[in-house]
Amino acid sequence: MHVLRDCYFARATWNLLQPGNHVANFFNLNHMDWLIKNLSISGDWAVRFGVMLSSLWYARNKQVFEGKSSNPTGVAEAIKSRTCEFSMVMKASITPKKVGTNRELIRWFPPNEDAIKMNVDGSFFSHTRNASCGGLFCNHLGRFVTGFSCNLGGCSIMQAELWGIIKGLQIAVANKFRWVVIESDSEMAIKFVNNGCSAHHPCAPLLEDIAILVRRIPQVSWNHILREANSAANILAKKGQDLPYGIHVFDAPPPNTIHALSSDAAGSFRLRGCN
């Protein structure tokens, strides 16, 4: 309770989020009532409360074990951004699925003749708390050019999605690709790249790296692709979980991705309007 609520740092950070507007006697409740009352409130506060507990614990560990200190304002701003991110995910997960009467074909489409397409994905295994990413490049004929898998170690799934973009862009720069079409099945990652985020958000440094790499490629475009048409990148992302830490580049498609490449290009039908 000292770390999560009662110390000077925690109390100063909580005050920036105005907890008294949601729970009376916020700083005086016993620990069980404090948890139950805050987590029982409908709306975004329960989410923000949970994110706050995680962030305070993380900040204290960074200070104790790595000597890295934070300030209450920075932590509060990061919490607001993370709350927004989690709320979007939660709302998307409970939105009723729309069912149409017509079927549509979901597939991977080749790029323009002068371009190369980069498909990327991230992976996170909760039982090992390990993240990885992977991706591949294909030309206008749909032929595999190069691919990669990368074991990232400990980070969030959103960071893994962005690391996939970074690793892919690094390969694109090294190969002097001049026109790259980047596809990810993480709509939120594409939104982060296009719209940015708070300077205090944990993903902000990764977005800065992406911006730097993009400036080294003459032409870059971004697409959100559905997971059904991104299975080859998904396989390469998960492959990184079993590889040694770091990036592994493939000049030929690994055997378990060959079928996925064909499936992505052939596509599959689903009811129009389903998510």
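Residues numbered from 1 in each chain as written. Predicted model: local features only at pLDDT ≥ 70, side-chain atom pairs only at ≥ 80, totals over all residues. Heavy atoms only, no water.

Q: Break down the pairing of strand β5 (residues 179-184) for me, citing the residues and quoting the values.
A: Burial of β5 is extensive: five of the six residues sit out of reach of the surface. Where strand β2 (residues 116-125) and β5 come together, five bridges link them in parallel fashion. Directly across from Ile 116, in β5, lies its bridge partner Val 180. Note that β5 and strand β6 (residues 219-224) share six bridges and pair parallel. Bridge assignment links Ile 182 to a residue of β6, and that residue is Trp 222. (Buried < 20%, exposed > 50% of the residue type's maximum accessible area, 1.4 Å probe, protein only. Helix = DSSP H or I, 4+ residues; strand = E, 2+ residues; numbered from the N terminus. Pairing = 2+ DSSP bridges.)

Q: So what's going on with the pattern of salt bridges? Which residues, and what values?
A: If you walk through the whole model with that rule in mind, you get four salt bridges. Between Asp 6 and Arg 5 there is a salt bridge, with its nearest N and O atoms 2.7 Å apart. According to the relative accessible area criterion, Asp 6 is partly exposed, its value standing at 32%. The buried category is assigned to Arg 5, whose relative accessible area is 5%. Linking Arg 227 and Asp 185 is a salt bridge whose minimum nitrogen-to-oxygen distance equals 3.8 Å. (Salt bridge = Lys/Arg side-chain N within 4 Å of Asp/Glu carboxyl O.)

Q: Report on the pairing of strand β3 (residues 130-138), specifying residues and quantitative values.
A: Of all nine residues making up β3, nine are buried, and the element is well covered by its neighbours. Where burial is concerned, the two faces of β3 agree: the one with Asn 130, Ser 132, Gly 134, Leu 136 and Cys 138 and the one with Ala 131, Cys 133, Gly 135 and Phe 137 are both buried. Counting the residues between successive antiparallel strands, the hairpin from β2 to β3 contains four residues, one of them, Arg 129, with a positive phi of roughly 55°. Where β3 meets strand β4 (residues 144-153), eight bridges bridge the pair, whose relative direction is antiparallel. Counted as the bridge partner of Gly 134 is Ser 149 from β4. Between the antiparallel neighbours β3 and β4 lie five residues, among them Gly 142 with a positive phi of about 80°.

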